Amino acid sequence: MIVAMVLAACQTVPKKAAVVSEPESIVEESGPVTEPEEASTATQSTTNGNKVGFLVPLSGEHGGMGRGLLDAATLALFDIGRDDIELVVADTAQGAEAAARQVVAAGVDAVIGPLLARSVDEAAAILAGPERHVLALTSGPAAGGAGIHVMGHAPDHQVRRLVSHAMATGNVRFALLAPRSHFGERMAAILRGAVAEAGGFVTAEVFHDPAGNDIDTAVATLAITPVHPGDTDLAIAWLQDQEGLAAEVAIERLLSAGNQRAYDAVFLPGSSLLLPRIAAWMGHHGFLAGDVQLFGLDTLADPALFREPVMNGAWFAVPPDAGRSAMLSRFRDTFGYAAGDQVTPAYDSMALVSAVISGPRQRQITDWRGFGGIDGLFRFLGDGRTERQLAVMRITPTGPVIEDPAPTAFTPPVDPGA
């Protein structure tokens, strides 16, 4: 049975909270029970219940995002009806290390945040420890493990899901076409890791100028990558150990005289600005829809790509809508502005904290069955990474459709009691 977070609406809200924005806490006495829009300022007084630190930027360049995350967490508390949880809020724009020391000094039982990967790195040594949960909101390569769990929607979630589905459908050899940048190198490393875990092979990597000045050349280089018989032999050997029609069809394809590509699937982690140009050049250099399996990050969910013939059938992965649309609608009605999907990890983090803050800590938060949030099912791995159950979407000329639904459960470990 999945360990679910109860998200039913309730008429109570957290009565009290503290704001930490200076070297010492500023605590103000609360009035009557407030509605969520008033509670979002997090200026109510303390309680004798559980304390949760909330570390986000509330000023500066990312202040608007931080405010949205705080409002989402407040809405979660309102929906769940926990009036015994006190939010202790600190502005990381004034220094992540100082903000972390302030909430820890306030005696918090758990911490949600920070948002930025660099802030997590700065605050990790202060926040981590067996006495409290830490749910980082970052989607970057933050300091996972050591008691810090990453709640943001990181690209590796998507890549692992897509590679796994590709392997299951007989696509064993992978290629990469990515920008020549830190981001592109990170995507290459993620692809290599995901493919190695799944038992496949990376047979080509091509990088292009991040500004897109040499996309024509990069796509042409990818198109003429020679087939290495050794790679094909390894792929066939792997497929022969599998069962099912997909493996049989894939073997026939690899053995056919028409096997002109060195790869079965191509990962395109480009930006939404460059992907239409990449798609156009792929068509120019002889790629056809269905020739190889194209897949990418959720940036492929761009209507401009739906009109590109070569993109017909391409995949991307997204969380299932397990309540996200309804939550965002309530958010807009409550706070008077629309929030993007980027605030949903704060909502799920607050709901998760409310479910585990009073129970056995490490074993409960790392329960292999996972937790059901508004962004679907997720669980924490031993190294601090998060595994999410995502849906694979397929691009069609009229828009994306579900290629493979998000799984509704995780595979049990060999020893479920571990």
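Structural notes, computed from the coordinates. In this text, all values refer to a predicted model and were calculated from it rather than measured experimentally.

1. Regarding the overall build of the chain
- Scanning the chain from terminus to terminus reveals 14 helices and 17 strands.
- By the burial criterion, 52% of the 418 residues in the chain qualify as buried.
- In the chain, the share of contacts with a sequence separation of at least 24, taken over all contacts with a separation of at least 6, comes to 69%.
- Accessible surface for the chain amounts to roughly 17,600 Å². Of this, 54% is attributable to carbon and sulfur atoms.

2. As for the packing of aromatic side chains
- Scanning the model with the defined rule gives 6 aromatic pairs in all.
- Consider the rings of Phe 331 and Tyr 337, whose centres lie 5.1 Å apart with planes at 90°: the pair is edge-to-face.
- Since its relative accessible area comes to 30%, Tyr 337 is described here as partly exposed.
- Considering the side-chain rings of Phe 378 and Phe 380, the 5.9 Å spacing of their centres and the 70° angle between planes classify their relative orientation as edge-to-face.
- By relative accessible area, Phe 378 is classed as buried at 0%.
- A residue is classified by how much of its surface remains accessible, and Phe 380, at 4% relative accessible area, is buried.
- Members of the aromatic cluster, connected to one another through ring pairs, are Phe 174, Phe 267 and Phe 295.

3. Concerning the pairing of strand S8 (residues 173–179)
- A large share of S8 lies buried, amounting to 7 of its 7 residues.
- Inspection of the sheet shows S8 paired to strand S9 (residues 201–208) by 7 bridges, in the parallel sense. Within the sheet, the bridge partner assigned to Phe 174 lies in S9 and is Val 202.
- On the question of chirality, the crossover connecting S8 to the parallel S9 by way of helix H6 (residues 182–198) is right-handed.
- Where S8 lies against strand S10 (residues 265–268), 3 bridges are found, and the strand directions are parallel. Paired with Phe 174 across the bridge in S10 is Ala 265.

4. Some words on helix H4 (residues 117–127)
- Burial in H4 covers these residues: Ser 119, Val 120, Ala 123, Ala 124, Ile 126 and Leu 127. One side of H4 carries all its buried residues, which in axial view fall inside an arc of 165°. Exposed side of H4, more than 90 degrees from the buried face: Arg 118 and Ala 125 are the residues found there.
- Structurally, H4 contributes buried residues whose contacts are with strand S3 (50–56), helix H3 (96–105), strand S5 (110–112), strand S6 (133–136) and strand S7 (148–150).

5. A word on the nonpolar core
- Ranked by internal contacts, the top residues of the largest apolar core, which has 39 residues, are Phe 54, Met 327 and Met 350.
- Per-element accounting of this core gives the leading share, 8 residues, to helix H2 (residues 63–80).
- Once you skip the residues sitting within four places of it in the chain, Phe 54 turns out to touch Leu 69, Leu 70, Ala 73, Leu 87, Val 88, Val 89, Ala 90, Ile 112, Leu 137 and Ala 346.

6. Details of the packing of H2 against helix H13 (residues 344–356)
- Packing of H2 against H13 brings their axes to within 7 Å, and their N-to-C directions diverge by 40°. The orientation of H2 with respect to H13, classified from their angle, is oblique. For the pair H2 and H13, the crossing hand works out as right-handed. Facing H2, whose interface residues are Leu 69, Ala 72, Ala 73, Leu 75, Ala 76, Leu 77, Asp 79 and Ile 80, H13 presents Ala 346, Tyr 347, Met 350, Ala 351 and Ser 354.
- Residue classes in the contact of H2 with H13 are distributed as 11 nonpolar, 1 polar and 1 charged.

7. Some thoughts on the pattern of salt bridges
- Going through the model one piece at a time under the given rule, you end up with 12 salt bridges.
- When the shortest N-O distance is used, the salt bridge between Arg 160 and Asp 156 registers 2.8 Å. In this pair, Arg 160 and Asp 156 are both assigned in helix H5 (residues 155–168), 4 residues apart and thus about one turn of the helix distant.

8. Side note on H3
- Among the residues of H3, Ala 96, Ala 99, Ala 100, Gln 102 and Val 103 are the ones counted as buried. The arc enclosing the buried residues of H3, seen along the axis, measures out at 160°, which places them on a common side.
- Within two residues after H3, Gly 107 carries a phi angle of roughly 80°, on the positive side.

9. Observations regarding the environment of Asn 171
- Relative to the elements of secondary structure, Asn 171 occurs in the loop between H5 and S8.
- Sequence spacing of Asn 171 and Ala 250 is 79 residues, and the spatial spacing of their C-alpha atoms is 7.1 Å.
- For Asn 171, the side chain forms a polar contact with the side chain of Thr 169, separated by 3.1 Å.

10. Focus on the pairing of strand S17 (residues 399–404)
- Strand direction decides the pairing type here: strand S16 (residues 391–396) and S17, joined by 5 bridges, are antiparallel. Each residue of the ladder has a partner; that of Val 392, found in S17, is Asp 404.
- If you look at the hairpin formed by S16 and S17, you'll find 2 residues sitting between the two strands.

Thresholds applied
- Residues numbered from 1 in each chain as written.
- Predicted model: local features only at pLDDT ≥ 70, side-chain atom pairs only at ≥ 80, totals over all residues.
- Heavy atoms only, no water.
- Helix = DSSP H or I, 4+ residues; strand = E, 2+ residues; numbered from the N terminus.
- Buried < 20%, exposed > 50% of the residue type's maximum accessible area, 1.4 Å probe, protein only.
- Contact = heavy atoms within 4.5 Å.
- Areas by Shrake-Rupley, 256 points an atom, 1.4 Å probe, with all protein chains shown as cover.
- Phe/Tyr/Trp six-rings, centres within 6.5 Å; stacked < 30°, edge-to-face > 60°.
- Pairing = 2+ DSSP bridges.
- Right-handed = clockwise from strand over helix to strand, strands pointing away.
- Arc of directions from axis to C-beta.
- Core = buried A, V, L, I, M, F, W, Y, C linked by side-chain atoms within 4.5 Å.
- Axes fitted to C-alpha atoms, helices over the stretch in contact; angles between N-to-C directions.
- Parallel < 35°, antiparallel > 145°, perpendicular 65-115°, else oblique.
- Left-handed = near helix turned anticlockwise from the far one by under 90°.
- Nonpolar A, V, L, I, M, F, W, Y, C, P; charged D, E, K, R; others polar.
- Salt bridge = Lys/Arg side-chain N within 4 Å of Asp/Glu carboxyl O.
- Polar contact = N/O pair within 3.5 Å; in protein donor to acceptor, adjacent residues only side chain to side chain.

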